[in-house]
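One-letter residues, chain by chain:
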Amino acid sequence: CIVKAYFTKGKKELDVSMFQAVVLQSFNERASFSLPEIRERTKLETEELRRTLQSLACGKIRVLNKTPKTREVADDDRFDFNDDFSQKLFRIKINSIQLRETAKEAEKTHESVFRDRQYQIDAAVVRIMKARKTLGHNMLMSEVFSQLMFTATAPDVKKRLESLIERDYLERDEEEANTYRYLA
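Anyway, here's the lowdown on the structure attached to this text. Keep in mind that this is a model prediction, so the values were computed, not measured.

A short note on the pattern of salt bridges
- Within this structure, the stated rule accounts for 14 salt bridges.
- Residues Arg 91 and Glu 13 are paired through a salt bridge, measuring 2.8 Å at the closest nitrogen-oxygen approach. Here Arg 91 is found in strand E6 (residues 91–93), whereas its partner Glu 13 is found in strand E2 (residues 10–15), with 78 residues between them in sequence.
- What makes Glu 13 buried here is its relative accessible area of 13%.
- Where Arg 30 meets Glu 37, a salt bridge forms, and the shortest distance between an N and an O atom there is 3.0 Å.
- For Arg 30, a relative accessible area of 38% translates into the label partly exposed.

Side note on the nonpolar core
- Ranked by internal contacts, the top residues of the largest apolar core, which has 26 residues, are Leu 14, Val 23, Ile 38, Leu 53, Val 63, Leu 64 and Phe 79.
- Sorting the residues of this core by element identifies strand E1 (2–7), helix H1 (18–26), helix H2 (35–42) and helix H3 (46–57) as the ones contributing at least two each.
- Sort the elements by how many residues they give to this core and H3 lands first, with four residues.
- Dropping the residues within four chain positions of it, Leu 64 is found in contact with Val 23, Leu 24, Phe 27, Leu 53, Leu 56, Ala 57, Asp 80, Phe 81 and Asn 82.
- Counting residues in each nonpolar core, the second largest holds 20 residues, with Ala 124, Ile 128, Phe 150 and Leu 161 among its members.

Considerations on the sheet that holds strand E5 (residues 78–81)
- Across the sheet, which stays open at both edges, the three strands sit in the order E3-E5-E4 with antiparallel pairing between neighbours. Since the sheet does not close on itself, it has two edges, and those belong to strand E3 (32–34) and strand E4 (64–67), each with one partner. The average angle at which neighbouring strand axes cross in this sheet is 25°, direction not considered.
- When E3 meets E5, the two strands line up antiparallel, connected through three bridges. Each residue of the ladder has a partner; that of Phe 33, found in E5, is Phe 79.
- Sitting on the sheet, H2 touches E3 and E5, and the angle it makes with E3 is about 95°.
- Strand contacts of H3: E4 and E5, with the helix running at about 110° to E4, the strand carrying the most contacts.

Notes on the packing of H1 against H3
- Axis separation between H1 and H3 bottoms out at 10 Å; the angle between their running directions is 75°. As judged from the angle between their axes, H1 and H3 are roughly perpendicular. Residue-level contacts link Phe 19, Gln 20, Val 23 and Leu 24 of H1 to Glu 48, Leu 49, Thr 52, Leu 53, Ser 55 and Leu 56 of H3.
- Tallied by class, residues from the contact of H1 with H3 come to six nonpolar, three polar and one charged.

What about the side chain of Thr 52?
- Inspection of the secondary structure puts Thr 52 in helix H3.
- Those residues in contact with Thr 52, other than ones at most four positions away along the chain, are Phe 19, Gln 20 and Val 23.

Thresholds applied
Residues numbered from 1 in each chain as written. Predicted model: local features only at pLDDT ≥ 70, side-chain atom pairs only at ≥ 80, totals over all residues. Heavy atoms only, no water. Salt bridge = Lys/Arg side-chain N within 4 Å of Asp/Glu carboxyl O. Helix = DSSP H or I, 4+ residues; strand = E, 2+ residues; numbered from the N terminus. Buried < 20%, exposed > 50% of the residue type's maximum accessible area, 1.4 Å probe, protein only. Core = buried A, V, L, I, M, F, W, Y, C linked by side-chain atoms within 4.5 Å. Contact = heavy atoms within 4.5 Å. Pairing = 2+ DSSP bridges. Axes fitted to C-alpha atoms, helices over the stretch in contact; angles between N-to-C directions. Parallel < 35°, antiparallel > 145°, perpendicular 65-115°, else oblique. Nonpolar A, V, L, I, M, F, W, Y, C, P; charged D, E, K, R; others polar.

Taken by themselves, the reported measurements are silent on function.
Printed below as a string of structure tokens:
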């Protein structure tokens, strides 16, 4: 969102997120608000509002003044429009503060990526074997590695090969244990 702001030292265009724009719009009517007053006016969730106010009052570009001048936003803090704000640029980008990913969310993401990669390995093996019908272990491994968009390990691919054998997509050649045959 582009918000036009008028300061004593001139007009500026602020490139802000939607939440930042909603908070800044509140300051059109009054120059000073407490956190509960802003929350009531904007109807934003408390943690989202805290991050938004932190980006506007505690970052490099401070279009709002916060009292007391601490890095964290508390319920009894007051926010005032910074009329003395000055910047050389006409259009100013104000970055949002990103939410940190918790350990539980990181683990969930890791599991999801791992599961997706297993499916990609399975799909690559089936594609290759469908086209070739019979293929040696080393040739199959090199082709799988060349088709994948991520770096897989040999043990991961071997596990997926065993899984495909168990699910009757592939079988080992009875005469050559190092050769796989596609079953369709």
